[in-house]
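In case you want the letters, here they are:
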Amino acid sequence: MERKAKAVWQGSGKDGTGQLTSDSGVLSSTPYSYKTRFENEKGTNPEELIAAAHAGCFTMALAFQLQGAGFTPTELATEAAVSLVQEGQGFKISKSALTLQAKVPGIDKPKFEELARAAEKNCPVSKVLNAEITMNFTLT
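Residues numbered from 1 in each chain as written. Predicted model: local features only at pLDDT ≥ 70, side-chain atom pairs only at ≥ 80, totals over all residues. Heavy atoms only, no water.

Caption draft 1: Expanded view of the sheet that holds strand E5 (residues 90–103). What the three strands build is an open sheet, ordered E4-E5-E6; its pairing is mixed. Unpaired on one side and paired on the other, strand E4 (75–87) and strand E6 (132–139) mark the two borders of the sheet. For this sheet, the mean inter-axis angle between neighbouring strands, taken without regard to orientation, is 15 degrees. Of the pairings in the sheet, the one linking E5 to E6 comprises eight bridges and is parallel in character. The residue bridging Leu98 from the neighbouring strand is Met135, located in E6. Across the sheet, helix H2 (residues 46–68) lies against E4, E5 and E6, angled at about 145 degrees from E4, the strand it touches most. Relative to E6, helix H3 (residues 109–122) is tilted by about 150 degrees, and along the sheet it contacts E5 and E6. (Pairing = 2+ DSSP bridges. Helix = DSSP H or I, 4+ residues; strand = E, 2+ residues; numbered from the N terminus. Axes fitted to C-alpha atoms, helices over the stretch in contact; angles between N-to-C directions. Contact = heavy atoms within 4.5 Å.)

Right under this line is the structure:
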């Protein structure tokens, strides 16, 4: 399986603009720029897309972990907060912090934590990120 996305950029780093397009069409000439990345202009940025990918990947991985253990979640809601920090003259993604709200009938906290930690470590996006990954969860 291979998934593709394309970035097109015009202009300098600070004053230029770009568009992101994915093969699925979910992103279609979606704007990104210095201002969408480092300020609050409308548009997206690579860190936001990594956060969405990590939240989605982890949540699906946890659903499979729960299914394999005989549990069906009512709801799994995950937020990923990706941190971009300065490193020398450039930047690096230093952390992805997962915050999970889960409703899983019939599961106890130790079993849930075991399955959530397995999903955290084994989802493909977690594996590709070379950053600290943390997770907090609430089971209701």
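Further notes follow.
Caption draft 2: Seen up close, the pattern of salt bridges. A full pass over the atoms with the stated rule returns seven salt bridges. For Glu114, the salt bridge identified is with Lys111, shortest N-O distance 3.4 Å. Placement of the pair is Glu114 and Lys111 together in helix H3, with a separation of three residues, close to one helical turn. Its relative accessible area of 28% is what places Lys111 among the partly exposed residues. Note that Glu113 is salt-bridged to Arg117, the shortest N-O span being 3.3 Å. Remark: Arg117 and Glu113 occur in helix H3; sequence separation between them is four residues, near one turn of the helix. Assessed through its relative accessible area of 30%, Arg117 is described here as partly exposed. The network of salt bridges with common partners includes Glu113, Arg117, Glu120 and Lys121. (Salt bridge = Lys/Arg side-chain N within 4 Å of Asp/Glu carboxyl O. Buried < 20%, exposed > 50% of the residue type's maximum accessible area, 1.4 Å probe, protein only.)

Caption draft 3: Here's a closer look at H3. The end-to-end C-alpha distance of H3, which contains 14 residues, comes to 20 Å, matching closely the 20 Å that a straight helix rising 1.5 Å per residue would cover. Those residues of H3 hidden inside the fold are in contact with H2, E5, helix H4 (124–128) and E6. Of the residues flanking the start of H3, the one acting as N-cap is Asp108, its side-chain oxygen 2.9 Å from the backbone nitrogen of Lys111. (Expected span 1.5 Å × (residues − 1). Polar contact = N/O pair within 3.5 Å; in protein donor to acceptor, adjacent residues only side chain to side chain.)

Caption draft 4: Representation of the environment of Gly11 within the structure. Along the chain, the position of Gly11 falls in the loop between strand E1 (5–10) and strand E2 (17–22). In the structure, Gly11 is positioned 57 residues away from Gly68 in sequence and 50 Å away in space, judged by C-alpha atoms.

Caption draft 5: Main features of the packing of H2 against H3. Between H2 and H3, whose axes approach to 8 Å, the crossing angle comes to 135 degrees. As the angle between them shows, H2 and H3 are arranged oblique. When the axes of H2 and H3 are compared, the crossing they make is right-handed. The segment H2 lies against H3, with Phe58, Ala61, Leu62, Gln65 and Leu66 engaging Phe112, Leu115, Ala116, Ala118, Ala119 and Glu120. The residue inventory of the contact of H2 with H3, partitioned by class, reads nine nonpolar, one polar and one charged. (Parallel < 35°, antiparallel > 145°, perpendicular 65-115°, else oblique. Left-handed = near helix turned anticlockwise from the far one by under 90°. Nonpolar A, V, L, I, M, F, W, Y, C, P; charged D, E, K, R; others polar.)

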